[in-house]
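# Results of the structural survey
What follows is the residue order along each chain.
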Amino acid sequence: MNLMLYNSLTRQKERFKPIAQQKVKIYSCGPTVYNTPHIGNYRSFLFSDLLHRFYKAFDYQVTLVMNITDIDNKTIAGAKKAQLPLSAYTKHYEQEFLTDLKTLNFLPATTYPRASEHIPEIVTMIETLLKKGHAYEDSGSIYFKLASFRDYGKLSGIDVEHQLAGASNRIEADEYSRDTISDFALWKMHKPTEDGNVFYETTIGKGRPGWHIECSAMSQKYLGTHFDIHTGGIDNKFPHHENEIAQSVCATGKPFVNYWLHAAHLMIEGQKMSKSLNNIYTLRDLLKNNAHPLAIRYMLLSTHYRHTYNFTFANIEASYKALSRLARTYKYLEAQLKTQLRSATSNHSGKSTSPHEDHHSLLSTIEEKYRAFITHLEDDLNTSGALGDLFDLTHILTKTFNITDPPHFTPPTQPVLPQAIVTAALNFYRKADFIFGLNLKQLSSETVQNPLNHSNIPKDIEDLVTERNTLRRQKAFSKADFVRKKLLSLGYQLIDTQEKTIVQKITSPSKE
RNA sequence: GGAGGGUUAGCCAAGUGGUUAAGGCGGAAGUUUGCAAAACUUCUACGCACCGGUUCGACUCCGGUACCCUCCUCCA
């Protein structure tokens, strides 16, 4: 593997070198569980899953930590409003989040640590920072002293003096007094009016952690002081990640993270995602609109992670079709392989391969495409380019072997493809499927099925279908067509296959 | 005001200092199917926001303009 990654810290692509051979340690900024995550959140989470899968595909031992922020301003405010204990409130959203990850076919992270369960680690780190003179107490709260860290601003490229002067007006309204205008809270003194009964009695006082410190404490616990990769949304670069660096480096006195990777945001139908435009969609919103989760996954992976992506409903549809095409070819190849294995065990003739000249060049074409695929991914995870290669292969295969099977095809009984080619193509497909997490196997069995539940078809409609099929057997086609039209006007579409007629209720894709 | 990223066909989206600017969706024509759907084949950007510059040559490098997005204290 020869992976190049764009490092936000240096603003250029760098060759990835793991700290320990064949091992990679990744920390991904996870959700704040105060509401249901939206599709934009999942884009950046999905990016860490892609990394996870890519490394695994190359037999790396991956440790992926994704934090759950379950104690902060928003969770506390949300719980208060919902009149629930904080933990009950956050558990609900955490559960939703974990369910969504499964729905989107994420590989499970190594661990999902909760901030609320790492208060001792947080306190220890703050104590260290106090001891080393990087933090100070003021009115019961504890702040990080920015002036004590020279490298502050290196990641986000901000000029501390200049930048923060401009924001001074807003800071005036802040109720916490601070030494320096830009210092941020490590520990917030308990304020009954705001925090209610949410507090911890600790050696550094009664209160709760600031937002940034949890990530420093938890990454150190699970990944050590120095690890390979830290990911998150672009908006986290400042101040969150900048502050994390400051805390961790100052507390440990050691290098922190080698590669900082940031995923770009999402636009919705050409507009920014915002509450006022009412265009914030959760995964559940999309599923309600008949979006297939794997189509959503495909869609989000079809563009480069560092580019702003314009999410549209039309694109989910397009993605599903593209995905179905991949699934179809995959299924065909699997069926081929099965047939070959069967014939190989029943008769050892080995006749399944009829070696033609063409097959050698085809084999090298497949290998070439596979190399291109990997090379694209190695180039800062260029998923769009890689998908292009996969479709190139798909096209070549269908063209060469005239794979014209309809989606309802039955596996061929006689092997027609040389085994070496099937194996090579299938290996490519399987690798791509694993890295992209598209679950083509599941899809290929799904796409041949009626996507709708048969039991939902009313009796009178079923009767009409039966009537039409009787007419068809009698070759009374014009009468049969009349029934087809009638069903269509009732909102049902018929698809004739060799075995049976599939009935589909026509769904008008409403957005609400 | 400051910092960063972007603008490629109807839509999404790769990419390169110089023969034909990937791929997907859509569209068109055709093959096939009783019809339909699906599938398959072929075609579908004389141009890469605009204006300058560097260069033998720029969509690709440099500068400027317009528009969009992100960040500037808790928003992925």
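Residues numbered from 1 in each chain as written. Chains lettered and ligands numbered in written order. Predicted model: local features only at pLDDT ≥ 70, side-chain atom pairs only at ≥ 80, totals over all residues. Heavy atoms only, no water.

This brings us to the overall build of chain A. Within chain A one finds 18 helices and 16 strands. Counting all 512 residues of chain A, 49% fall into the buried class. Here the contacts in chain A between residues at least 6 apart in sequence split such that 77% fall between residues at least 24 apart. Accessible area of chain A: about 25100 Å², with a carbon and sulfur share of 51%. (Helix = DSSP H or I, 4+ residues; strand = E, 2+ residues; numbered from the N terminus. Buried < 20%, exposed > 50% of the residue type's maximum accessible area, 1.4 Å probe, protein only. Contact = heavy atoms within 4.5 Å. Areas by Shrake-Rupley, 256 points an atom, 1.4 Å probe, with all protein chains shown as cover.)

For RNA strand B, the set of nearby residues contains 61 residues, the closest of which are Lys 188, Gly 233, Asn 236, Asp 481 and Asp 496. Here, RNA strand B places atoms within 4 Å of the protein, and 68% of those atoms are sugar or phosphate. Between RNA strand B and Arg 328, the relevant distance is 3.3 Å, taken from a phosphate oxygen to a side-chain nitrogen or oxygen of the residue. Considering each element in turn, the surface near RNA strand B owes the most residues, eight residues, to helix H14 (residues 383-401). (Near = heavy atom within 4 Å. Polar contact = N/O pair within 3.5 Å; in protein donor to acceptor, adjacent residues only side chain to side chain.)

This part is about the side chain of Ser 28. Along the chain, the position of Ser 28 falls in strand S3 (residues 23-28). A distance of 3.5 Å separates polar atoms of two side chains, one belonging to Ser 28 and the other to Ser 48.

Another aspect to go through is unusual backbone geometry. Residue Pro 239 is reached from Phe 238 by a cis peptide bond, and omega for that bond is 0 degrees. One can find Pro 239 in helix H9 (residues 237-252). Of note, the phi angle at Asp 380 is positive, near 55 degrees, even though the residue is not glycine. Mapped onto the secondary structure, Asp 380 falls in the loop between helix H13 (357-378) and H14. The backbone of Leu 381 sits at a positive phi, close to 55 degrees, despite the residue not being glycine. Along the chain, the position of Leu 381 falls in the loop between H13 and H14. In this structure Leu 381 comes out as buried when scored by relative accessible area, which is 1%.

What follows is about the nonpolar core. Note on soluble globular proteins: their nonpolar side chains tend to be buried together. In terms of nonpolar packing, the biggest core is built from 127 residues, with Tyr 55, Ile 229, Ile 296 and Phe 311 touching the most fellow members. Here this core spans two domains, since at least three of its residues come from each of domain 1 (4-133 + 211-263) and domain 2 (322-442). What Ile 296 contacts, discounting residues up to four positions off in sequence, is Ile 39, Leu 104, Leu 283, Leu 286, Leu 287, Ala 291 and Ile 316. One finds Leu 464, Val 483, Leu 494 and Val 503 within the second-largest nonpolar core, a separate group that totals eleven residues. (Core = buried A, V, L, I, M, F, W, Y, C linked by side-chain atoms within 4.5 Å. Domains from an automatic or database assignment.)

So, on to the pattern of salt bridges. Inspection of the entire model under this criterion finds 16 salt bridges. Here Arg 284 ties to Asp 100 by a salt bridge, and the two come within 2.7 Å at their closest N and O atoms. Separated by 184 residues along the polypeptide, Arg 284 in helix H10 (residues 283-288) and Asp 100 in helix H3 (residues 86-103) bring together distant segments of the chain. Three or more residues joined by partner-sharing salt bridges are found here, namely Arg 468, Arg 472, Arg 484 and Asp 496. (Salt bridge = Lys/Arg side-chain N within 4 Å of Asp/Glu carboxyl O.)

Next up on the list: helix H1 (residues 39-57). Its 19 residues give H1 an end-to-end C-alpha distance of 26 Å, which sits within 8% of 27 Å, the value for a rise of 1.5 Å per residue. Of all 19 residues in H1, 17 are buried; the element is thus mostly enclosed. Just downstream of H1, Asp 59 is the residue with a positive phi angle, here 60 degrees. (Expected span 1.5 Å × (residues − 1).)

When two helices pack together, their arrangement is given by the angle between their axes and by how far apart the axes lie. At a minimum axis distance of 8 Å, the contact between helix H8 (residues 213-223) and H9 shows a crossing angle of 50 degrees. With respect to each other, H8 and H9 are oriented oblique. Note that H8 runs across H9; the crossing there is right-handed. Residues Ile 213, Cys 215, Ser 216 and Gln 220 of H8 form the contact with H9, whose own contacting residues are His 240, Glu 244, Gln 247, Ser 248 and Thr 252. Its residues assigned to classes, the contact of H8 with H9 shows two nonpolar, six polar and one charged. (Axes fitted to C-alpha atoms, helices over the stretch in contact; angles between N-to-C directions. Parallel < 35°, antiparallel > 145°, perpendicular 65-115°, else oblique. Left-handed = near helix turned anticlockwise from the far one by under 90°. Nonpolar A, V, L, I, M, F, W, Y, C, P; charged D, E, K, R; others polar.)

The next thing to look at is the pairing of strand S9 (residues 205-209). In this structure, strand S7 (residues 184-189) lies alongside S9, joined through three bridges in antiparallel fashion. Bridge assignment links Met 189 to a residue of S9, and that residue is Gly 207. Relative to S9, strand S8 (residues 200-202) is paired through three bridges, and the arrangement is antiparallel. Bridge pairing links Thr 202 to Gly 205 in S9. Here S8 folds back onto S9 in antiparallel fashion, the turn holding two residues. (Pairing = 2+ DSSP bridges.)

When you line up the elements, Met 66 lands in strand S4 (residues 61-66). Sequence separation of Met 66 and Tyr 112 is 46 residues, and the distance between their C-alpha atoms is 5.0 Å. Here Met 66 is in contact with Ser 28, Gly 30, Phe 45, Ser 48, Phe 97, Thr 111, Tyr 112 and Pro 113, once residues within four sequence places are set aside.

One open sheet accounts for three strands, arranged S13-S12-S14; its pairing is mixed. Each edge of the sheet is formed by a strand with only one pairing partner; in this case those strands are strand S13 (271-272) and strand S14 (309-311). Sheet strands in contact with H1 are strand S12 (266-268) and S14, and its direction is about 150 degrees off that of S12.

Applying the stated criterion across every chain yields a total of zero disulfides. Take Cys 29: it sits in no disulfide, and the sulfur closest to it among the cysteines is that of Cys 215, at 4.4 Å. Looking at Cys 29, the relative accessible area reads 8%, which means it is buried. (Disulfide = S-S within 2.5 Å.)

Nothing here speaks to function; it is all geometry.
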